[in-house]
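Each chain, written out:
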Protein chains: 2
Amino acid sequence: MKPSIPKGTRDFTPYEVYLRNFVKEKIKLNFELFGFEPIETPSFEKIEVIGGEYGNDGEQLIFKILSNGKKLSKADLDSFNNQNYSKFANSISEKALRYDLTVPFSRYVVQHQNELTFPFKRYQVQTVWRADRPQYGRFQEFLQCDADIIGSNSLWQEIELCLLYDKIIKDLGLKGVSLRINNRKILYGFSKLLGFENRFNDFTIILDKLDKIKFEGVEKELIKQNFAKDKIQKIKEFILLEGTNKFKLERIKKAFEDSKISLEGLNEQNFIIDNLDEIGGLESIDLKFDLSLARGLSYYTGTIFELILPNFPDIGSIGGGGRYDNLTAKFGGKDLSGVGISLGFERVLMALHKFKLFPKGLNNRVQVLIANFGFKTSLICNSILKKLRAKGVNSEFYPDDSKLKKQLSYANSKKIEYVLLLGDEELKNEEFFLKNMNEGTQVCFKISQLESVVLSRLKK
Amino acid sequence: MKPSIPKGTRDFTPYEVYLRNFVKEKIKLNFELFGFEPIETPSFEKIEVIGGEYGNDGEQLIFKILSNGKKLSKADLDSFNNQNYSKFANSISEKALRYDLTVPFSRYVVQHQNELTFPFKRYQVQTVWRADRPQYGRFQEFLQCDADIIGSNSLWQEIELCLLYDKIIKDLGLKGVSLRINNRKILYGFSKLLGFENRFNDFTIILDKLDKIKFEGVEKELIKQNFAKDKIQKIKEFILLEGTNKFKLERIKKAFEDSKISLEGLNEQNFIIDNLDEIGGLESIDLKFDLSLARGLSYYTGTIFELILPNFPDIGSIGGGGRYDNLTAKFGGKDLSGVGISLGFERVLMALHKFKLFPKGLNNRVQVLIANFGFKTSLICNSILKKLRAKGVNSEFYPDDSKLKKQLSYANSKKIEYVLLLGDEELKNEEFFLKNMNEGTQVCFKISQLESVVLSRLKK
């Protein structure tokens, strides 16, 4: 049997784990710098919790877990015979793998609301799973990093989240990042003025494809789905508006002053953009008010964000988020407006690879290898090893009495800096050699010098 | 809809995540101290990789993932109608959640053998899932921490693993821990001498229950499964042998010197116990040669370990492991003897709770809350916030202009040490108050003093 892993999943080598941890830590540190605290939710949720939140397309991508043992006897064969596979699946499955972190968070908040103090600021760095067709930058198992605040509708939160993105991007060293920002209320006002507010979600799902299919494509699809051509023309000008954020805000305000809801969205945009400016703006991110930003998920109700890397268009967005006023309602939570951002960890990682932004030395953890020259010297070697470790020096003893060449090549492949050599001859003289693998030099020490001289040299 | 989570799973609050991370980090640091490097494997594996490794009982506990969409049309209804639910399940499922970390590791090693340098020392701290009936200390989703070396049969590895357990237990502060150690070769020699070597696995599975059902229970079950009564009497003496490790080794050696394989196992035991003694023994763990230790999993072939807490018997073992010579053979890996240990993270955590071994202050991450006195002072507050964060002080601005009492109670519930107060009056005087929530005191500073005085006071 030739071993392999399921498509869309990955094994991570030690070096890859080090890189992933490096980025994870940077993100977590900044989440905590901004006052967010970590929670963790189960890998799988009940299907009734996850279902119905991600639209038809999303629903197809949820991984369901097969019920165990006798529960399978409840399989709904009628549905199977009618080729209603979705209903069939639900008859033999009660839970599903996490599809994102926002819905489990909403469930968490309502379930634990009596133990929480609001506004509740949490972050979550956990795996999510989607049965997507694997392709460049898209996996079936991937890590997401979310920060959300729930229980306050203050717009200072939106400002916080812009600053948080900015700080993370700065610390990672990514250049040329843009943060697209829009407000679903403006778009909703649009659709109301033009009389298709009951098809608002269809409209935003199509508009959301603008990046990929350009305005022509959006227009074509809107027409195909029976949106009136003259109405589409009316919004084209605003969707494609260029200029500064201020200019766009003014221009759109003038055109949509009849819509109370659009105006509300525009004022919110104004507050965010103005006050961000007042406190010095963003350092490493270009904030861009963009009326074409729609976000596919239906639960957003106010500000929406999308973090993009225009100089690496292949990977799409590297983050996104927004405000959702009603997400907890499904679970019985009241008056709990939430707002949050997410970082697409895998894509951030790809960008850091592409622009070579990882610091050197991340793969160098073991500091000393003690070579093995047979049983006679093994005991003294293991005593030395114990002393090194007691001082916090990552170290190991080569387990077999192999040729020295093989042992040194082992040290090289693990990027171990020092090899300690203590054979029969050295034992007689109560000494050992410390070989520096980077410089190719070696120095002789008395065994008695180990703690006073050698350890200070190895101090990290 | 009243939200809840699947049985056997858990939500973790921020405080619980801090505790879990504290333990995780201690374990990881020690794994790295001993020269192990991290890898990560996918949450799910192909069923043919996972299946057939965990015995009949284990097989029932594997979570299978339902295939998506049209693949469900392949459901094997004949098997369903014959109530062969296991075969039915396999017709609509191609992958399953990780059941342990050892089998995925073996798969990893064979799949990547050309990129690896042997001996390969890896650690893995990842979630595993088992459809076990939830009970005290037993969950359906839990974390495991494994360290394994593959590609060397040196017994120094077994010694390393004992020392590694010892160091972790010492760092966590657990007292009274025992490490039971045995060797499957000794047991196999036993069964050969007594003529039931072809039922060796049945024998070990029953013997493994000794802790729970005492020797009487084991005897009863062995008889029930047609092991001859006189043979059982022959091993009773050795299974229940008390005394020092040395004494037991000598005693058993004498009785089984006719069995080459038992003798081999006994010599291995001897090597480990002797040389551990020579280099100073274990500090925080009592090493106990125990012939009744059998381990349920059939893949062990040499030394076996079990880490127990006799003063907290409710939780069973807190770790285990052993040597497996043939596990990679299934995947085409040759000559790859492996040996490893696992820590039952959840049980370790329960023990730390029970014996109150967590250090204080693990729940205190946010250092400063800036109170909100309305829009007029919000801008200056946010500028101060930016400066605090630039210096690495975890801090936040209360988003709403709520009553101060509510804001202070928020700070209290998050264990925030300092609250910065800057209202209209203070703004006029270009000052602010810094309130120490632990001491109940507050000091007035000029805003201009922020960086020189206040930040140095807040330095962590």
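Criteria and cut-off values
Residues numbered from 1 in each chain as written. Chains lettered and ligands numbered in written order. Predicted model: local features only at pLDDT ≥ 70, side-chain atom pairs only at ≥ 80, totals over all residues. Heavy atoms only, no water. Helix = DSSP H or I, 4+ residues; strand = E, 2+ residues; numbered from the N terminus. Rg over C-alpha atoms; globule rule 2.2 N^0.38 Å. Buried < 20%, exposed > 50% of the residue type's maximum accessible area, 1.4 Å probe, protein only. Contact = heavy atoms within 4.5 Å. Areas by Shrake-Rupley, 256 points an atom, 1.4 Å probe, with all protein chains shown as cover. Pairing = 2+ DSSP bridges. Buried area = accessible area lost by both parts, 1.4 Å probe. Salt bridge = Lys/Arg side-chain N within 4 Å of Asp/Glu carboxyl O. Polar contact = N/O pair within 3.5 Å; in protein donor to acceptor, adjacent residues only side chain to side chain. Axes fitted to C-alpha atoms, helices over the stretch in contact; angles between N-to-C directions. Parallel < 35°, antiparallel > 145°, perpendicular 65-115°, else oblique. Core = buried A, V, L, I, M, F, W, Y, C linked by side-chain atoms within 4.5 Å. Phe/Tyr/Trp six-rings, centres within 6.5 Å; stacked < 30°, edge-to-face > 60°. Lys NZ or Arg CZ within 6 Å of the ring centre and 35° of its normal. Lys, Arg positive; Asp, Glu negative; His and termini not counted. Least-squares fit on C-alpha atoms with pLDDT ≥ 70 in both. Left-handed = near helix turned anticlockwise from the far one by under 90°. Nonpolar A, V, L, I, M, F, W, Y, C, P; charged D, E, K, R; others polar.

Colleague: Would you mind going over the overall build of chain A in detail, with residue names and values included?
Modeller: A tally of regular secondary structure across chain A gives 18 helices and 16 strands. In terms of C-alpha radius of gyration, chain A reaches 29 Å, well past the compact-globule figure of 23 Å for 460 residues. Along the first, second and third principal axes, the C-alpha set of chain A runs to 95 × 65 × 45 Å. Within chain A, the proportion of its 460 residues that are buried is 59%. If you take every contact in chain A between residues at least 6 apart in sequence, the share linking residues at least 24 apart comes to 69%. Carbon and sulfur atoms provide 48% of the accessible area of chain A, an area that totals close to 19400 Å².

Colleague: Describe the pairing of strand 8 (residues 285-289) of chain B, naming the residues involved and giving the relevant values.
Modeller: Residue and element names in this part refer to chain B. Burial along strand 8 is one-sided: the residues Ile285, Leu287 and Phe289 are buried and none of Asp286 and Lys288 is. As paired strands, strand 7 (residues 177-183) and strand 8 are joined by five bridges and run parallel to one another. Looking across to strand 8, one finds that Ser178 is bridged to Asp286.

Colleague: Which residues make up the interface of chain A and chain B, and what values do they have?
Modeller: Taken together, the contact between chain A and chain B spans 104 residues of the former and 104 residues of the latter. Contact between chain A and chain B buries roughly 9200 Å² in total, counting both sides, with carbon and sulfur atoms accounting for 60%. Interface area lost by chain A to chain B is led by Met1, Trp156 and Arg389 of chain A, which between them contribute 7%. Our count for the chain A to chain B interface comes out at eight salt bridges. One salt bridge connects Arg365 of chain B with Glu32 of chain A, and the closest N-O pair in it is separated by 3.1 Å. The tally of links from chain A across to chain B stands at 36 residue pairs in polar contact (both at pLDDT 80 or more).

Colleague: For the packing of helix 9 (residues 200-207) of chain B against helix 10 (residues 210-224) of chain B, give the residues involved together with the corresponding values.
Modeller: Residue and element names in this part refer to chain B. Orientation of helix 9 relative to helix 10, taken along the N-to-C sense of each, is 135°, at an axis distance of 8 Å. Between helix 9 and helix 10, the crossing angle belongs to the class labelled oblique. Along its contact with helix 9, which presents Phe203, Ile206 and Leu207, the element helix 10 presents Leu210, Val218, Glu221 and Leu222.

Colleague: Residues and numbers for the pattern of salt bridges, please.
Modeller: Under the defined criterion, the tally for this structure stands at 54 salt bridges over all chains. Between Glu346 of chain B and Arg20 of chain B there is a salt bridge; the shortest N-O distance is 2.9 Å. Of this pair, Glu346 of chain B sits in helix 14 (residues 345-354) while Arg20 of chain B sits in helix 1 (residues 14-33), and the two are 326 residues apart along the sequence. Judged by relative accessible area, Glu346 of chain B falls into the buried class, the value being 5%. Look at the salt bridges and you will find they share partners, linking Lys121 and Glu160 of chain A together with Arg389, Glu396 and Lys414 of chain B into a network.

Colleague: I'd like a description of the sheet that holds strand 10 (residues 317-324) of chain B, backed by residues and values.
Modeller: All names here are of chain B. What the eight strands build is an open sheet, ordered 1-5-6-11-10-9-7-8; its pairing is mixed. Whereas interior strands pair on both sides, the edge strands pair on one side only; in this sheet they are strand 1 (37-38) and strand 8. Against the sheet, helix 6 (residues 102-111) engages strand 5 (120-129), strand 6 (141-150) and strand 10, with an angle of about 135° to strand 5.

Colleague: An account of the nonpolar core is requested, with residue identities and associated values reported.
Modeller: The biggest cluster of nonpolar side chains holds 98 residues, and the ones touching the most others in it are Val23 and Phe31 of chain A. Take this core: its biggest share by element is ten residues, from helix 7 (residues 156-172) of chain A. Those residues in contact with Phe31 of chain A that lie beyond four places of it in its chain are Phe36, Tyr123, Val125, Cys145, Asp146, Ala147, Leu164 and Ile168 of chain A. Within the second largest apolar cluster, 97 residues are counted, among which are Ile169, Leu187, Ile206 and Ile279 of chain B.

Colleague: Tell me about unusual backbone geometry, and name the residues and values.
Modeller: Looking along the chain, the bond that leaves Phe118 of chain A and enters Pro119 of chain A is cis, with omega of -5°. Even without being glycine, Asn226 of chain A reaches a positive phi, approximately 70°. Its place among the elements puts Asn226 of chain A in the loop between helix 10 (210-224) and helix 11 (229-239). With relative accessibility at 67%, the residue Asn226 of chain A sits in the exposed group. Despite not being glycine, Gln83 of chain B has its phi angle at roughly 60°, a positive value. Note that Gln83 of chain B resides in the loop between helix 4 (77-81) and helix 5 (85-91).

Colleague: Go over the pairing of strand 16 (residues 441-446) of chain B, please, and point to the residues and values.
Modeller: All names here are of chain B. Two strands pair when backbone bridges link them, and strand 15 (residues 431-436) and strand 16 are joined in this way by six bridges, in the antiparallel orientation. Bridge pairing in strand 16 links Glu431 to Lys446. Joining the antiparallel neighbours strand 15 and strand 16 is a turn of four residues, in which Gly440 adopts a positive phi near 75°.

Colleague: With reference to specific residues and values, describe the packing of aromatic side chains.
Modeller: Taken as a whole, this structure holds 48 aromatic pairs over all chains when the rule is applied. Three or more aromatic residues joined by ring pairs form one cluster here, namely Trp156 and Phe271 of chain A together with Phe375 and Phe397 of chain B. In this arrangement the basic side chain of Lys121 of chain A is found over the ring face of Phe36 of chain A, its NZ or CZ atom lying 4.8 Å from the centre.

Colleague: Requested: an account of the environment of Thr13 of chain B, with residues and values cited.
Modeller: Tracing the backbone through its elements, the reader meets Thr13 of chain B in the segment before helix 1. Accessibility expressed as a relative area gives 23% for Thr13 of chain B, which makes it partly exposed.

Colleague: Can you lay out the side chain of Arg130 of chain A for me, pointing to particular residues and giving the numbers?
Modeller: Residues and elements named next belong to chain A. Looking at the secondary structure, you find Arg130 in the loop between strand 5 (120-129) and strand 6 (141-150). Buried Arg130, no salt bridge; nearest opposite-charge side chain is Asp100, N-O distance 5.3 Å. Of the polar contacts made by the side chain of Arg130, one reaches the backbone oxygen of Tyr99; its length is 3.0 Å.

Colleague: Now, about the relation of the copies chain A and chain B: what can you tell me, with residues and values included?
Modeller: Structural alignment of chain A on chain B gives an RMSD of 0.0 Å, achieved by rotating through 180° and translating 0.0 Å along the axis. Both copies are brought into coincidence by an operation consistent with a two-fold rotation axis. Minimal C-alpha separation from the rotation axis in chain A is found for Ile65 of chain A, amounting to 2.2 Å. Most of the interface of chain A is mirrored in chain B, where 100% of its interface residues again form contacts.

Colleague: How would you summarise the sheet that holds strand 13 (residues 395-397) of chain B if you had to cite specific residues and measurements?
Modeller: For sheets, the rule is that strands pair by backbone hydrogen bonds, running either parallel or antiparallel. All names here are of chain B. What the five strands build is an open sheet, ordered 13-12-14-15-16; its pairing is mixed. Strands at the two margins of the open sheet, each flanked by one partner only, are strand 13 and strand 16. Pairs of neighbouring strands in the sheet enclose a mean axial angle of 20°, with direction left out of account. Across three bridges, strand 12 (residues 368-370) lies against strand 13 in parallel orientation. Paired with Ile370 across the strands is Phe397, a residue of strand 13.

Colleague: Can you tell me about the packing of helix 10 of chain B against helix 11 (residues 229-239) of chain B, naming the residues and giving the values?
Modeller: All names here are of chain B. Interhelical geometry of helix 10 versus helix 11 gives an angle of 160° and a closest axis separation of 9 Å. Judged on the interaxial angle alone, helix 11 and helix 10 are roughly antiparallel. Handedness of the crossing formed by helix 10 with helix 11: right-handed. Residue-level inspection shows Leu210, Phe215, Glu219, Leu222 and Ile223 of helix 10 in contact with helix 11, the latter providing Lys229, Ile232, Gln233, Lys236 and Ile239. Of the residues that constitute the contact of helix 10 with helix 11, the class distribution is six nonpolar, one polar and three charged.

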